[in-house]
2 protein chains.
Amino acid sequence: MSDFTVSLQAAERFIKENDRFLVVNHVNPDGDATGSLLAMGWLLRQLGKQVTLVNEGPTPEKFMFLPGASDILDASKADVQKHDVVITCDCADKARVGQIADWFAEGCQLLNIDHHPTNDGYGTVNLVRSEAAATAEVLYDFIQAMKLPVSKETAVCLYTGLLTDTGGFRYSNTTSHVMGIASSLLSTGVEPGKVAERVLETITKPYLALLTRVLPTIEFSESGQVASMAVSLSDMLETGAADEDTEGLVNYGRNVEGVEVGILYKQKAENQVKVSLRSRERVDVSAVAKSLGGGGHVRAAGCTIHGTIEEAKRILSQKLREAFQKGEKS
Amino acid sequence: MSDFTVSLQAAERFIKENDRFLVVNHVNPDGDATGSLLAMGWLLRQLGKQVTLVNEGPTPEKFMFLPGASDILDASKADVQKHDVVITCDCADKARVGQIADWFAEGCQLLNIDHHPTNDGYGTVNLVRSEAAATAEVLYDFIQAMKLPVSKETAVCLYTGLLTDTGGFRYSNTTSHVMGIASSLLSTGVEPGKVAERVLETITKPYLALLTRVLPTIEFSESGQVASMAVSLSDMLETGAADEDTEGLVNYGRNVEGVEVGILYKQKAENQVKVSLRSRERVDVSAVAKSLGGGGHVRAAGCTIHGTIEEAKRILSQKLREAFQKGEKS
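Values in this document were obtained by computation on a predicted structure and should not be read as measured data. (Residues numbered from 1 in each chain as written. Chains lettered and ligands numbered in written order. Predicted model: local features only at pLDDT ≥ 70, side-chain atom pairs only at ≥ 80, totals over all residues.)

(A) Quick look at the overall build of chain A. A tally of regular secondary structure across chain A gives 11 helices and 12 strands. Projecting the C-alpha coordinates of chain A onto the three principal axes gives extents of approximately 65 × 45 × 40 Å. The proportion of buried residues among the 330 residues of chain A is 46%. Expressed as a percentage of contacts within chain A between residues at least 6 apart in sequence, the contacts between residues at least 24 apart total 61%. (Helix = DSSP H or I, 4+ residues; strand = E, 2+ residues; numbered from the N terminus. Buried ≥ 20, exposed ≤ 12 C-beta atoms within 10 Å, placed from the backbone. Contact = placed C-beta atoms within 7 Å.)

In structure tokens, the structure reads:
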């Protein structure tokens, strides 16, 4: 029997042997954290259990259409309730739950359900599969293992988790298994267009204002193979954009036809610039980032430069010229 | 036996009884047209058939990564070859093949494989299912019915067709069956991240230049429920953007939090404005468009106004106010 099968059985016992559950996820919950929290709630109620669902803060507006979302408590506004039986969803380590840790009774039993490769197995029972694209995938397989039906409510929550953690089925973690689960979830009546519109396509006014200011800063170099954009401190302040709003901007440059490397220069302080690098096929941007004290993956990396945006551009320009020369040689 | 099952059997005979095939798709081929053309080519070669694949013009650069794409003839540059046996992919009527019609021998046998509800059954054999999201879906079901294996080459072509015609699995035509096919195709080794990057995420410099000019024109009205943007003749000329580059722009407005209706005003001539309307949940934009001589669907419609962009805005503003009042009453 595989380790995961053993975990499935232990997790099933954990659920069957207890009656009252606190279910939590991580701070700044994303679609997978929210979706798996809610799906776990539906699963437990289906089994006749008592359930308390908690987020550290308010549930993000774009997930409020999910069934049961209005029942999630906001820990920042609710009185602490100590619980002896806890389930954490999508949390790589115990600290990820933030202030909700105050709700855990000393010596509480904990089921850790997650998919992060860095998960440190902090639970009493750990249902963790790092090959899974999302915690929603782990949870779906768990429900299947328990031979329970998947309700439409559970399905839309799990679908949201899959959709968001695979970048709308666009990342390389979109496996045949993920698509098979998506197929099964849609058969319950989930409306994929509505979910995609709510969780992937809705944008905020500050994000749009930021995009409007940043697009005109695009510059091409290395014969059109490098596209860079810049975000100043005043861009952030004057648009009211959140930190997360800058995340996808680097892709606008990288996605231009003929571009191999996209760069975003983001001013963090008067004399500090965060550099995000994305490449398509040839250039190892983690090597570039490492040579400047940063790190990351071959296709997505970053570093911090002490200086102005213009200084950062000069430094990166030199490093990238070298990287392209290396790429052409190899 | 259903009509579609009868068609499957007729299509199978059509393929088995012939040896040399001309396979074509529609003018300005999209991902489904190109993907199903190529997949049909792989299928026929797998059966030992001789195949000629033709596009009316060059195959779009973003589909050139598909296996076999470089073997597609460009009819605008190749000598006409008359063929007695023809397969059309993704063409609702015969005129959709454009100049390639010159390649059809008089009285040629024709297999029409498609998914458009408007398909008029112009083939000798018609394999048409209007409930299918893509011609690639019809073709996959056909390969299954013939009990043939799906090669990785065929799979990546079909996956591209599904991905593009469902808007990256975001449109409401993304059914459980579509996702089941996607799951099966991925199991052959297709890399979903690479396909998505090539066919969905790559943008042209003229498109980016157009977006950069159009975003600053956004205006909100009706207490933030309407977001409109405008494209002038000079925007198109000076950026070198193609007509299709304006297609997605209206969504930037519609996707803003709190917005119900997105509008794009596109100047077509000195005194003519094309108006595209998109709504989210409440407003019937087809009614608005119809009242101005246009048409469309409840959530996506359009009309043409004779006048300047400013005049079009005034006319639409009045019509939308009425539509919102109606929406609130109902």
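(B) Representation of the sheet that holds strand β4 (residues 83–89) of chain A. Residue and element names in this part refer to chain A. Here six strands make up an open sheet; going across it, the order is β3-β2-β1-β4-β5-β6 and the pairing parallel. In this open sheet, the two strands that pair with only one neighbour each are β3 (73–74) and β6 (125–128). As judged from the five bridges shared by strand β1 (residues 20–24) and strand β2 (residues 50–55), these two strands associate in the parallel manner. Each residue of the ladder has a partner; that of Leu22, found in β2, is Thr52. Lying over the sheet, helix α3 (residues 135–145) contacts β4, β5 (104–114) and β6, oriented at roughly 90° with respect to β5. (Pairing = 2+ DSSP bridges. Axes fitted to C-alpha atoms, helices over the stretch in contact; angles between N-to-C directions.)

(C) Molecular detail of the nonpolar core. Ranked by internal contacts, the top residues of the largest apolar core, which has 128 residues, are Leu139(A), Leu158(A), Tyr159(A), Leu162(A), Leu158(B), Tyr159(B) and Leu162(B). If near-sequence neighbours (up to four positions away) are discounted, Leu162(A) is found in contact with Ala133(A), Ala134(A), Ala136(A), Glu137(A), Val178(A), Ile181(A) and Ala182(A). Ala227(A), Ala241(A), Val250(A) and Ala230(B) belong to the second largest nonpolar core, which has 70 residues in total. (Core = buried A, V, L, I, M, F, W, Y, C linked by C-beta atoms within 7 Å.)

(D) Quick look at the pairing of strand β8 (residues 226–231) of chain A. Residues and elements named next belong to chain A. The buried fraction of β8 amounts to six of the six residues, a majority that puts the element mostly inside the structure. Residues Val226, Ser228 and Ala230 line one face of β8 and the alternating positions Ala227, Met229 and Val231 line the opposite face, and both faces are buried. Where strand β7 (residues 219–221) and β8 come together, three bridges link them in antiparallel fashion. Directly across from Ser221, in β8, lies its bridge partner Val226. Counting the residues that bridge the hairpin from β7 to β8 gives four residues, and of these Glu222 lies at a positive phi of roughly 50°. Strand direction decides the pairing type here: β8 and strand β9 (residues 261–269), joined by six bridges, are parallel.

(E) Region of the structure containing helix α2 (residues 31–46) of chain A. The terminal C-alpha atoms of α2(A), which comprises 16 residues, lie 22 Å apart, in line with the 22 Å expected from a rise of 1.5 Å per residue. After α2(A) finishes, the residue Gly48(A) shows a positive phi value of roughly 80°. (Expected span 1.5 Å × (residues − 1).)

(F) Looking closely at the domain arrangement of chain A. Entries for chain A in the domain assignment read domain 1 (3–201) and domain 2 (205–329). For domain 1 of chain A versus domain 2 of chain A, the separation of C-alpha centres amounts to 34 Å. (Domains from an automatic or database assignment.)

(G) Quick look at the interface of chain A and chain B. Counting residues at the interface gives 33 residues for chain A and 32 residues for chain B. Mapped onto the side of chain A that touches chain B, the elements with two or more residues apiece are α5 (176–186), α6 (192–201) and α7 (205–214) of chain A. Tallying contributions element by element places α5(A) first for the side of chain A that touches chain B, with six residues. Residues that form the side of chain A that touches chain B fall into these classes: 15 nonpolar, 13 polar and five charged. (Nonpolar A, V, L, I, M, F, W, Y, C, P; charged D, E, K, R; others polar.)

(H) Spatial organisation of the environment of Thr88(B). Residue and element names in this part refer to chain B. Within the secondary structure layout, Thr88 lies in strand β4 (residues 83–89). A sequence separation of 48 residues divides Thr88 from Met40, and the C-alpha atoms of the two residues are 9.8 Å apart. Setting aside residues no more than four positions away along its own chain, Thr88 makes contact with Val24, Val97, Leu110, Asn112 and Ile113.

(I) Up close: the packing of helix α4 (residues 152–165) of chain A against α5(A). Residues and elements named next belong to chain A. At a minimum axis distance of 10 Å, the contact between α4 and α5 shows a crossing angle of 150°. The pairing of α4 with α5 is recorded here as roughly antiparallel in orientation. Crossing handedness for the pair α4 and α5: left-handed. Facing α4, whose interface residues are Ala155, Leu158, Tyr159 and Leu162, α5 presents Val178, Ile181, Ala182 and Leu185. Taken together, the residues of the contact of α4 with α5 break down into eight nonpolar, no polar and no charged. (Parallel < 35°, antiparallel > 145°, perpendicular 65-115°, else oblique. Left-handed = near helix turned anticlockwise from the far one by under 90°.)

(J) Structural context of unusual backbone geometry. Residue and element names in this part refer to chain A. Of note in the backbone geometry, Lys147 takes a positive phi value of approximately 60° without being a glycine. Here Lys147 is to be found in the loop between α3 and α4. Residue Lys147 is classed as exposed on the basis of its 7 C-beta neighbours within 10 Å. With a phi angle near 60°, Phe169 is a residue other than glycine that sits in the positive phi range. Along the chain, Phe169 falls in the loop between α4 and α5. Judged by the 27 C-beta atoms lying within 10 Å of it, Phe169 falls in the buried class.

(K) Spatial organisation of the sheet that holds β4(B). All names here are of chain B. With respect to topology, six strands assemble into an open sheet ordered β3-β2-β1-β4-β5-β6, the strand pairing being parallel. The open sheet has two edge strands, β3 (73–74) and β6 (125–128), and neither has a second partner. In terms of strand pairing, strand β5 (residues 104–114) meets β6 through four bridges, oriented parallel. Its bridge partner lying in β6, Asn112 is registered against Asn126. Against the sheet, helix α3 (residues 135–145) makes contact with β4, β5 and β6, and its axis sits at roughly 90° relative to β5, the strand it touches most.

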